[in-house]
Amino acid sequence: MKIAIIGTGNLGSSIAKGLINNKSFTSLYLSDKNTSAVSQFEDEDYVTITNYNKEAVMNSDLVIFALQPRHVEGVLKEVASEITKKHLIMSVAAGFAISKIESVIGADKHIIRVMPNTAISIGKSMTCLSANDVGEEKIELAQKIFNQLGTTMVIPEEQIQAATVICASGIAFWMRLVRATTQGAIQLGFEAEEAHELALQTCYGAASLLKESGRHPEAEIDRVTTPSGCTIEGLNEMEHQGLSSSLIKGINASFEKINQIKKS
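**Student:** Provide a residue-level description of the sheet that holds strand β3 (residues 47–50), including the pertinent values.
**Tutor:** Here we have eight strands laid out as an open sheet, ordered β3-β2-β1-β4-β5-β6-β7-β8, and mixed in their pairing. In the strand order of this sheet, the two ends are held by β3 and β8 (150–154), each with one partner. Averaged over all adjacent pairs, the angle separating strand axes in this sheet is 20 degrees, with direction ignored. Sitting on the sheet, helix α1 (residues 10–22) is in contact with β1 (2–6), β2 (27–31), β3 and β4 (62–65), with an inclination near 160 degrees to β1. In the packing of helix α5 (residues 139–147) onto the sheet, the strands contacted are β4, β5 (88–91), β6 (110–115), β7 (125–131) and β8, and the crossing angle to β8 comes to about 155 degrees.

Next up, the structure:
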């Protein structure tokens, strides 16, 4: 497909990188007022960098709006005259409802809200999708595109806010856990690089084990914890200090914040 990404901040650039790595387009337009942000892609085949949003829309079949929520409406109004019923319009803006997009470009357009995370740049994103009535016709196409960049799940729009917290913000939560494990390893005597590698590979192994085995996390925990052993001692101390409770509270705090963004 001919794809355009409008807005090339961290998430927009990550999507671009994933598409380029997978050669998932016939042409790719990257549009941003600050084109230096995507200068790394200027020598890529079939990639055009521009600061003219209308040009990007006119030369695409699929347009991904990777903008901060406060900028989406203004940019949509700017390019609305170039959006046709043939376009597939996607938005990754947190808290910006499909109804708001429809109010600018019309409910007769194919519109899909997409919530990936930055792991999309390496083809490992968990991406959630939600479409308007017309966009349902294109949901399988959207899945086909984003399944090349990780895993997809189609959900009702009312769950997109929660998915943003679990999947997009969740990347940062898991990064912090890896960092904390690294710090613990350093305290136990490992050099910083060694500690990071130990924490990173163990985290990767845990996730891979759950995904490939299909078992519940507690079932795998039971395989590691022995009576009066060091693992259960550590787990119990973490729980006494509120590990699970803190994670759940953090997730809920993020959810409350994103709902505030939606109302503003």
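Having seen the model, we can carry on.
**Student:** Talk me through a nonpolar patch on the surface; I want residue IDs and the actual numbers.
**Tutor:** A cluster of nonpolar side chains, contributed by M238, L243, L247 and I248, occupies part of the molecular surface with about 340 Å² of accessible area. In terms of residues, the nonpolar patch owes the most to one element, helix α10 (residues 243–263), which gives three residues. Turning to its location among the elements, I248 is positioned in helix α10.

**Student:** Report on the state of the cysteines, specifying residues and quantitative values.
**Tutor:** Tallying each qualifying case throughout the model produces zero disulfides. The cysteine C167 is free of any disulfide, with C128 supplying the nearest cysteine sulfur at 4.3 Å. C167 provides the cysteine sulfur closest to C203, a residue in no disulfide bond, and the two sulfurs are 15 Å apart.

**Student:** Can you lay out the pairing of β5 for me, pointing to particular residues and giving the numbers?
**Tutor:** Every regular strand shows the same layout, with side chains that alternate between the two sheet faces. Burial along β5 is two-sided: the residues L88 and M90 and I89 and S91 are all buried. Looking at chain direction, β4 and β5 are connected through four bridges and run parallel. Residue pairing in the sheet places L62 in a bridge with L88 of β5. The handedness of the β4 to β5 crossover, carried by helix α3 (residues 69–79), is right-handed.

**Student:** Explain helix α7 (residues 192–213) residue by residue, including any values.
**Tutor:** Over its 22 residues, α7 runs 31 Å from end to end, which matches the ideal 32 Å to within 8%, given 1.5 Å per residue. Restricting attention to buried positions, one finds in α7 the residues A195, A199 and S208. Its buried side turned inward, α7 meets α6 (160–187).

**Student:** Could you give an account of the nonpolar core, naming the residues involved and the relevant values?
**Tutor:** Within the largest apolar cluster, 28 residues are counted, with the highest numbers of intra-cluster contacts made by I5, L19, L28, I64, M90, I112 and F146. Those elements that place two or more of their residues in this core are β1, α1, β2, β4, β5, β6, β7 and α5. Dropping the residues within four chain positions of it, I5 is found in contact with G12, I15, A16, L19, L28, Y29, L30, S31, I64 and A66. If you look at the next biggest cluster of nonpolar residues, it comprises 20 residues, including I6, F65, F96 and I101.

**Student:** Describe in detail the side chain of H87, supporting the description with residues and values.
**Tutor:** With respect to the helices and strands, H87 occurs in the loop between α3 and β5. Take H87: its relative accessible area is 6%, and that puts it in the buried class. Look past the residues within four positions of H87 in its chain and what remains in contact with it is V57, S60, D61, V63, E82 and H110.

**Student:** An account of the pattern of salt bridges is requested, with residue identities and associated values reported.
**Tutor:** A side chain with one charge may pair with a side chain of the opposite charge, provided their charged atoms come close. Scanning the entire structure with this criterion turns up six salt bridges. With a shortest N-O distance of 3.1 Å, K109 and D108 are connected by a salt bridge. The partner of R223 in a salt bridge is E220, and the shortest N-O contact between them spans 3.2 Å. With R223 and E220 both in helix α8 (residues 217–224) and three residues apart, this pair spans about one turn of that helix. In this structure R223 comes out as exposed when scored by relative accessible area, which is 60%. Judged by its relative accessible area of 10%, E220 falls in the buried class. Overlapping salt bridges, with partners in common, bring together K85, D108 and K109 in one network.

Cut-off values and rules
Residues numbered from 1 in each chain as written. Predicted model: local features only at pLDDT ≥ 70, side-chain atom pairs only at ≥ 80, totals over all residues. Heavy atoms only, no water. Pairing = 2+ DSSP bridges. Helix = DSSP H or I, 4+ residues; strand = E, 2+ residues; numbered from the N terminus. Axes fitted to C-alpha atoms, helices over the stretch in contact; angles between N-to-C directions. Contact = heavy atoms within 4.5 Å. Patch = residues over 30% accessible without salt bridge, like charges linked within 9 Å, V, L, I, M, F, W, Y side chains within 5 Å. Areas by Shrake-Rupley, 256 points an atom, 1.4 Å probe, with all protein chains shown as cover. Salt bridge = Lys/Arg side-chain N within 4 Å of Asp/Glu carboxyl O. Disulfide = S-S within 2.5 Å. Buried < 20%, exposed > 50% of the residue type's maximum accessible area, 1.4 Å probe, protein only. Right-handed = clockwise from strand over helix to strand, strands pointing away. Expected span 1.5 Å × (residues − 1). Core = buried A, V, L, I, M, F, W, Y, C linked by side-chain atoms within 4.5 Å.

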